[in-house]
Amino acid sequence: MFGSKKTPEEKAAAARNSKIRGAAAAAGVTMFGGKFRSPNQMDVPVEGAKITLERGEEAKARITATRVALTGIFALFLKKDMTQLFITIEGAGGEVLVQPVPASKEPQARIFATLVNGEATTPGE
């Protein structure tokens, strides 16, 4: 009578997005309008997103092609903060967002990654 009725699938999707939004906020990531957002980075749609977690010491061991392209040989000398956890959100369309958060938020970040990925996520995967 008042508006359209939601199907069980729509209700389940809305409940999932609500849980993800809460977990994202606890982990220090912004989710708005069905997308993960961060200043000066690409927005990544929630649907089809995959999240990986990386501790600072693991990130330091890996020198990414992007860092080398942006800074050249100096990429070898750039340090990453060891007190941070890096949440990498990859979209199905190739969008990437990297969000550094304090290492103390690792439990919240794991919950967030598990909700988005649908499976247990350990740092460095």
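Before reading further, recall that the structure is shown in the block above.
The text that follows walks through the structure, step by step, so that each part is easy to find. (Residues numbered from 1 in each chain as written. Predicted model: local features only at pLDDT ≥ 70, side-chain atom pairs only at ≥ 80, totals over all residues. Heavy atoms only, no water.)

**Topic: the pattern of salt bridges**
Logical step 1: As enumerated under the stated definition, the model contains 4 salt bridges in all.
Logical step 2: With a closest N to O distance of 3.0 Å, D43 and R37 form a salt bridge.
Logical step 3: A residue is classified by how much of its surface remains accessible, and D43, at 28% relative accessible area, is partly exposed.
Logical step 4: Across the pair E106 and R55 runs a salt bridge, and its minimum N-O distance is 2.9 Å. With E106 in helix 4 (residues 106-117) and R55 in strand 4 (residues 50-55), this residue pair connects regions lying 51 residues apart in the sequence.
Logical step 5: What makes E106 buried here is its relative accessible area of 13%.
Logical step 6: By relative accessible area, which is 27% here, R55 ends up partly exposed. (Salt bridge = Lys/Arg side-chain N within 4 Å of Asp/Glu carboxyl O. Buried < 20%, exposed > 50% of the residue type's maximum accessible area, 1.4 Å probe, protein only. Helix = DSSP H or I, 4+ residues; strand = E, 2+ residues; numbered from the N terminus.)

**Let's talk about the sheet that holds strand 6 (residues 96-102)**
Logical step 1: Within the open sheet, the 3 strands sit side by side as 4-5-6. Their pairing is antiparallel. The sheet terminates laterally at strand 4 and strand 6, the two strands that pair on one side only. Strand-to-strand twist of the sheet, defined as the mean angle between neighbouring strand axes without regard to direction, takes the value 20 degrees.
Logical step 2: The pairing of strand 5 (residues 84-90) with strand 6 spans 7 bridges and is classified as antiparallel. Bridge pairing in strand 6 links T88 to V98. (Pairing = 2+ DSSP bridges. Axes fitted to C-alpha atoms, helices over the stretch in contact; angles between N-to-C directions.)

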